[in-house]
Amino acid sequence: MTDQAGNASKADGRDGPDNTDGPAAAKPKAKRKERSKESPADPGPLPILFRIVKTVQCFHSALGNPYVSVKVDQHWETWPLTSGKLRSWLGHRYYEEAHKAATPSSLQAVLEDLEYRATVKGPQLAVNVRIGSDRDRVYVDLGRSDWQVVEIDDQAWRVIRTSPVRFRRPNSFGELPIPVRGGKIEELRPFLNVGDGDDQNWHLAVAFLLSAFNPTGPYPALVVTGEWGAAKSMTSRVLRSLIDPNGSPLRGLPRSGEDLAVAAENSWCPTFDNVSAIPVWLSDEMCRLTSGGGFGTRKFYTNDQESALDYCRPLMITALVNPTEKGDFLSRQFEIALPPVAPETRKLERKMQAEWVVVRPRILGVLFDAVSMALRNRDRSPPKVLPRLADVATWISAAEPGIGLPAGTLLGAMLRHESDRLWASMEEDEVAWALWQFGKGTPGITKMTASALLAALIDAGTITSQDLVQNPARFGTRLRLAAATLRLMGLHLSFHRLNDENRTREVHMRYVPPGPSTPSTPSSPSGPPPPPSRDLFKTFVGGLPRSPVLPLDTDWGAFLDRLGP
């Protein structure tokens, strides 16, 4: 009975070990309930992460890109929200508090919240690289670990700890020294191979430096040319180390417009070394770079969204000879041709670098003095004579008293350079040279079809290119390309379609002797044109009053006397 009862009991499951309804099974449930009350669920890392980012300042740029400003130690740093710096800083701060790593999903949730705060709730602020401005003041990011900047107003410059404008620092961003007062701009000259007796090269180099500190642009492109061993790379390194030092200061030519845009977005003065040729499409992109332009591309992993970049930058190029083919970009350049370095005057780079460390802070102080002077003078009357780069000329003319140069020195260098460039482009363009020789000897208005004009130039022996002789249609295109250069030389071209049954196209040509008095010009050559006269500056300036950007009542005599010979 007992055994049967016991067996029956086990079979019924009333007091066996597998009985889930008995008191023995109820106790574990009670214990689990009590344990869950005593230890509530872990809230995870989000509360700590959100507390960490509570003081982060969120905003967006004019293009809608999200940014944050984060207090690190005793200074503020600005980072793109999409950069790895923010995620790394956030993970590090969380580890310091929680003593464990945050989960990727929690970090992503916080980053998405910050992006919403930046793009929807945050203000729109300007984000600068190296140079920025605010309320008629210029700010220069020195690139130091304490994030000090130089503040420049119309009275002086000073080093301050906290910048009122936002700066970001791309990778390879270099450091400027703390500037020192009391230097002279002439201390820079021994470090540039511009030639001891060639003030034109020296003045163009100084003009480029001053223009690079204009916070709004537009800017010139500096093209440094010279034969092998002319210290082109060293000269460009020295100039860039005063404007925008970089861990990789000299780079190869971009292979696409997007590469150029990224280079401009991540540096203040992109510099391209040892350039052999600039294709036409890249020449157009570089025009936009120096005058202000944008670039848009499709965002990653999207089909209908665009990522935009906006930039306006000074630019440097080194080459054996000027690699530019297109006239528009040529007109935006300062070209300095460096002389060869004699073996007995060549210096060790290591020695020059040691000397440069001493001189560089003083030169930087002089440049900041000039920027302060430019802010003081820029609202005064601009020069009566302005070259193609009128805004650049106005800025450097306002700045040059701050470096101790006589008034008009740098403007004169720009005008002489533009004159030389004009004549060089005339010599290199067979159509422009032939038209100028033909037109300046023809009084009144000449009206001819393009075909008849081409035939006349071929008969005169000034057009010999088989490409033009055998393809007259290309001549019309070359005429239009040469018109702007010829107009500055006094030869005005206009293009008309007659109202006859054939709708004939005519070229109207009129030569106006340049200037108040007609200076002598080179005689018509037989064969290749000879080198032009060195008195071309007065020839060119004499023709400038008839350019639409310059006043007709310019006192050329007083202007030239002030500039000197």
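Everything discussed here concerns the structure shown above.
Residues numbered from 1 in each chain as written. Predicted model: local features only at pLDDT ≥ 70, side-chain atom pairs only at ≥ 80, totals over all residues. Heavy atoms only, no water.

Q: Now, about the overall build of the protein: what can you tell me, with residues and values included?
A: Within the protein, the regular secondary structure consists of 19 helices and 18 strands. A buried classification covers 46% of the 565 residues belonging to the protein. Counted over contacts in the protein with a minimum sequence separation of 6, partners at least 24 positions apart contribute 68%. (Helix = DSSP H or I, 4+ residues; strand = E, 2+ residues; numbered from the N terminus. Buried < 20%, exposed > 50% of the residue type's maximum accessible area, 1.4 Å probe, protein only. Contact = heavy atoms within 4.5 Å.)

Q: Break down the sheet that holds strand β5 (residues 131-134) for me, citing the residues and quoting the values.
A: Spatially, the 4 strands line up as an open sheet ordered β5-β6-β7-β8, and their pairing is antiparallel. If you trace the sheet from one side to the other, it starts and ends with β5 and β8 (157-160), each paired once. With strand direction ignored, the average angle separating the axes of adjacent strands in the sheet is 25°. As paired elements, strand β7 (residues 149-152) and β8 share 4 bridges and run antiparallel to each other. Within β8, the residue paired with V149 across the bridge is I160. Lying over the sheet, helix α11 (residues 349-377) contacts β6 (137-141), β7 and β8, oriented at roughly 35° with respect to β7. (Pairing = 2+ DSSP bridges. Axes fitted to C-alpha atoms, helices over the stretch in contact; angles between N-to-C directions.)

Q: Any details on the pattern of salt bridges? Residues and values, ideally.
A: Considering all chains together, one arrives at 18 salt bridges under this definition. Note that E151 is salt-bridged to R158, the shortest N-O span being 2.9 Å. Here D244 ties to R240 by a salt bridge, and the two come within 3.2 Å at their closest N and O atoms. A relative accessible area of 1% places D244 in the buried class. (Salt bridge = Lys/Arg side-chain N within 4 Å of Asp/Glu carboxyl O.)

Q: Go over the pairing of β5, please, and point to the residues and values.
A: Bridge count between β5 and β6: 4 bridges; the pairing is antiparallel. Bridge assignment links S133 to a residue of β6, and that residue is V138. The hairpin formed by β5 and β6 contains 2 residues between the paired strands, and R135 there has a positive phi angle of roughly 50°.

Q: An account of the environment of S451 is requested, with residue identities and associated values reported.
A: Checked against the element boundaries, S451 lands in helix α15 (residues 450-460). S451 sits 21 residues away from P472 along the chain, and the two C-alpha atoms are 6.8 Å apart.

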